[in-house]
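# Observations on chain architecture
For reference, the chains in residue letters:
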Amino acid sequence: MRNYLLLTGLLILLLGLGGCNKMASPEERLNEYAKLWSDQEFAEMYKSYVAPSNKEQVKQEDYVDRYQTIYKSLDVKKIKVTPLQTEEKDWEGKKAVLPIKVEMDTSAGPVSFKKKAVLKKEEKEKEEAWFIDWDVSYIFPDMEDGDKIRIETIKGNRGEIVDRNGSSLAVNGQGYSAGVKAGDIDNDAAAKGKVAALLGITPEFIDKQLQQSWVRPGYFVPLKKVSAYDNEKLQQLRAIPGFETQEITMRQYPYKEALGHLTGYIGDINGEELKKLKSKGYSDQDQIGKRGLEQLLEEKLRARNGKKIYIEKAKGEPVTIAEKAAKDGENVKVAINAELQKTIYEELKGKPGTAAAIDPKTGQVLALASSPAFDPNEFALGVSANRYQELEKNPAQPLLNRFAATYSPGSTIKPITAAVAIKANTLDPAKERPITGLHWKKDASWGNYSVTRVKDPGEPVNLQKALIYSDNIYFAQTALETGKEKMADGLKSFGYGEKIPFAYPIRASQVSNSGTLDKEILLSDTGYGQGEVLSSMLHLSSVYSAIVNDGNMMKPQLYAEAQPEVWKKNLLSKASADLLKQDLRLVVQKGTAKSADTPGLALAGKTGTAELKLEKGTKGKENGLFVAYDQQQPSFVLALMVEGAEGAGGSKAAIAASKQIFSKWKEISS
């Protein structure tokens with residue numbers, strides 16, 4: 001019995017061993033190969049599944065490298081290889097044909113194809129098995145020996161920026177690739193020197209470009225991009241023997257410096273930017289917005305490039321594998337009036353300063369100027385380190401965006417002080433204050449500090465006279481009588497101390513460094529715009545718009561299609577607004593802005609001179625300001641500031657520029 005059990009166990013063991021040695025079917029082998037393919041285990045695919053007879057034509061290193069290189073260049077992801085069901089099961093011969101389906105995601109979109117996989121029975125290490133009869137058609141069915149996979153980028157167009165009237169602010173235009181003809185200039189040191197000087201490069205750089213391995217006599221060798229606007233430079237370059245140009249697509253900024261800070265510019269993406277944006281589909285070949293609207297609107301303006309993957313046939317026409325169309329960026333229309341801004345910029349005459357203009361009824365921002373500025377066309381070409389350093393060291397600071405900054409408003413705050421006090425019932429506009437002399441202080445607690453006014457009219461002063469004479473003492477007293485809490489709250493009701501609800505980032509205006517007016521001298525100084533109160537020109541023009549708009553201040557709007565929206569409601573009554581309108585007109589007719597009074601215009605506004613002191617009791621630099629509008633046609637309120645007004649009559653430069661702007665604009669728009 002024991003011997004019988006032993007024989008039975010031995011028989012079962014032998015049968016089991018015989019089962020383990022059974023050759024895997026073509027289906028099983030193909031399933032295993034498909035799994036490795038899906039996992040991109042190319043080395044194992046070759047080693048264990050490619051037929052030995054195929055390995056005579058393709059080596060493992062070539063096989064693996066080809067798959068990896070193609071899949072990487074096509075950015076292949078989520079590959080799935082699925083053997084398909086078939087009714088054919090007769091594999092008694094040396095060959096089996098089984099269908100498979102291959103699916104993958106690529107940079108040009110999804111790719112899917114079916115293929116008949118051929119397996120053949122061959123011997124390997126003295127054992128027979130089914131192997132893949134591999135050739136290049138397994139990569140893509142239409143591939144043959146000698147073919148190459150190509151990927152082509154289809155460029156989309158960046159969205160363009162236009163102003164309210166459709167005038168181009170940032171557009172896709174034509175420029176030039178400036179270069180030389182190899183063989184014609186190589187040994188001409190004088191010509192190379194001229195080209196180098198005009199392009200801002202060195203003769204050594206030109207030699208280096210000419211010595212590249214691909215260069216042949218007669219070839220065009222690019223050196224630098226040149227704007228189509230740079231006609232004078234192009235004419236000089238074209239007169240040099242051996243110099244050539246080729247037309248290229250280039251971002252253009254037709255208004256140049258006048259809108260330089262507002263439009264900003266685009267440039268090549270750098271490593272740090274690419275690290276942040278790669279997940280959004282950016283590549284090292286892209287250009288992105290670097291400043292201004294180009295940067296602010298990058299997500300809207302950017303184009304999504306398309307891709308085309310195709311087989312370049314050794315014989316025959318190319319075969320497309322996948323194609324994803326390019327997507328152009330959005331065009332954006334802003335509320336800016338480019339011609340008005342150009343007029344403003346030109347009237348600043350290169351002096352350091354800034355201005356904003358806003359439609360008081362709609363809140364649409366018509367101008368945001370900063371002077372001096374840079375030409376964004378120059379930056380879009382790729383500004384040299386030397387040129388950037390030159391701009392950076394310029395004492396006038398052309399790289400500084402002044403319209404996004406805040407400044408002491410000086411006496412331009414006085415109508416707002418009056419509006420706050422009237423609403424708080426602490427000021428009777430008709431009541432006269434018996435102020436005498438040029439200096440005043442509340443009491444001995446102020447020590448040596450006092451408030452100074454420019455002129456003693458020799459008579460008692462009410463609100464109207466105080467605005468006409470720009471009386472600092474009157475408004476210091478008004479602020480003190482209104483009190484620290486009501487005065488601070490009143491300014492905050494006009495938006496001081498909060499972020500301006502504007503699509504372009506503008507620094508918030510402030511009541512004071514702490515946000516309070518808890519010191520008497522600070523409170524009194526704030527009443528006439530000195531103290532620590534700060535305002536951007538955009539906010540200042542918005543604040544005056546509340547007077548023009550009978551008490552309602554509109555939300556500043558960047559985009560032309562934006563609907564009007566009230567930002568601050570009922571800041572002053574219509575009666576108070578009418579009173580201030582009348583007084584502001586008198587400021588121009590016979591007050592501190594008298595030089596702005598112009599036939600055919602009914603300008604109204606308020607001047608301001610802000611002294612920038614390092615400490616009390618000292619002299620400092622001055623900024624001159626003027627906020628104005630035309631009462632006959634109040635289409636915009638202009639707030640303009642000129643730096644360095646000390647010794648030049650304070651606000652006189654701002655008044656003169658503003659007068660010219662309104663006069664010229666009437667001619668242009670009539």
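To start, this report covers the structure provided alongside it. Keep in mind it's a predicted model, so treat the numbers as computed, not measured.

## Considering the side chain of serine 177
With respect to the helices, strands and loops of the structure, serine 177 is situated in strand E7 (residues 168–181). Non-local contacts of serine 177, meaning those with residues more than four positions away in its chain, are made with Phe220, Pro222, Lys224, Glu244, Thr245, Gln246 and Ile248.

## As for the nonpolar core
Counting 119 residues, the largest nonpolar core has Ile344, Phe494, Tyr496, Phe502, Leu638 and Leu640 as its most contacted members. A per-element tally of this core places helix H20 (residues 537–548) first, with eight residues. Apart from residues lying up to four places away in sequence, leucine 640 is in contact with Leu348, Thr354, Ala355, Met537, Gly624, Leu625, Phe626, Ala654, Ala657, Ser658 and Ile661. Within the second largest apolar cluster, 43 residues are counted, among which are Tyr71, Val76, Trp130 and Ile311.

## Quick word on the sheet that holds strand E1 (residues 77–83)
The sheet built from four strands is open, its strands ordered E1-E2-E3-E4 with antiparallel pairing. The strands lining the two open edges of the sheet, one partner per strand, are E1 and strand E4 (127–132). Here the average twist between neighbouring strands, direction ignored, is 25°. As defined by bridge partners, strand E2 (residues 95–106) adjoins strand E3 (residues 109–124) across 12 bridges and the pair is classed as antiparallel. In the strand pairing of E3, aspartate 105 is matched with proline 110. Lying on the sheet, helix H2 (residues 26–38) is in contact with E1, E2, E3 and E4; it crosses E1 at an angle near 175°.

## Let's talk about the side chain of histidine 261
With respect to the helices and strands, histidine 261 occurs in helix H8 (residues 260–263). Here arginine 291 takes part through its side chain, which lies 3.4 Å from a polar atom of the side chain of histidine 261. When residues no more than four places from it in sequence are discounted, the contact partners of histidine 261 are Arg291, Gly292, Ser370, Pro372, Ala373, Phe374, Pro398, Leu399, Leu400, Asn401, Phe403 and Tyr504.

## Points about the packing of helix H5 (residues 189–199) against helix H6 (residues 203–210)
Running from amino to carboxyl end, H5 crosses H6 at an angle of 110°, the nearest separation of the two axes being 8 Å. Taken together, H5 and H6 sit at an angle that is classed as roughly perpendicular. Contacts between H5 and H6 pair Lys192, Gly193, Val195 and Ala196 from the former with Pro203, Ile206 and Asp207 from the latter. Here the contact of H5 with H6 is built from residues that sort into four nonpolar, one polar and two charged.

## Considerations on the layout of surface pockets
Unoccupied space between atoms shows up once a probe the size of one water molecule is rolled over them. What the second largest pocket holds in volume is close to 780 Å³. Looking at the second largest pocket, it is lined by 24 residues, and the ones nearest its centre are Ser107, Gly281, Tyr282, Ser283 and Lys307. For the lining of the second largest pocket, the elements supplying multiple residues, two or more each, are E2 and strand E5 (148–154). Of the residues belonging to the lining of the second largest pocket, the class tally is four nonpolar, eight polar and 12 charged.

Parameters and conventions
- Residues numbered from 1 in each chain as written.
- Predicted model: local features only at pLDDT ≥ 70, side-chain atom pairs only at ≥ 80, totals over all residues.
- Heavy atoms only, no water.
- Helix = DSSP H or I, 4+ residues; strand = E, 2+ residues; numbered from the N terminus.
- Contact = heavy atoms within 4.5 Å.
- Core = buried A, V, L, I, M, F, W, Y, C linked by side-chain atoms within 4.5 Å.
- Buried < 20%, exposed > 50% of the residue type's maximum accessible area, 1.4 Å probe, protein only.
- Pairing = 2+ DSSP bridges.
- Axes fitted to C-alpha atoms, helices over the stretch in contact; angles between N-to-C directions.
- Polar contact = N/O pair within 3.5 Å; in protein donor to acceptor, adjacent residues only side chain to side chain.
- Parallel < 35°, antiparallel > 145°, perpendicular 65-115°, else oblique.
- Nonpolar A, V, L, I, M, F, W, Y, C, P; charged D, E, K, R; others polar.
- 1 Å grid on protein atoms, 1.4 Å probe; cavity = no way out; pocket = protein on both sides within 12 Å on 5 of 7 lines; lining within 4 Å.
- Points joined across faces, edges and corners; volume = space filled by probe spheres on them.

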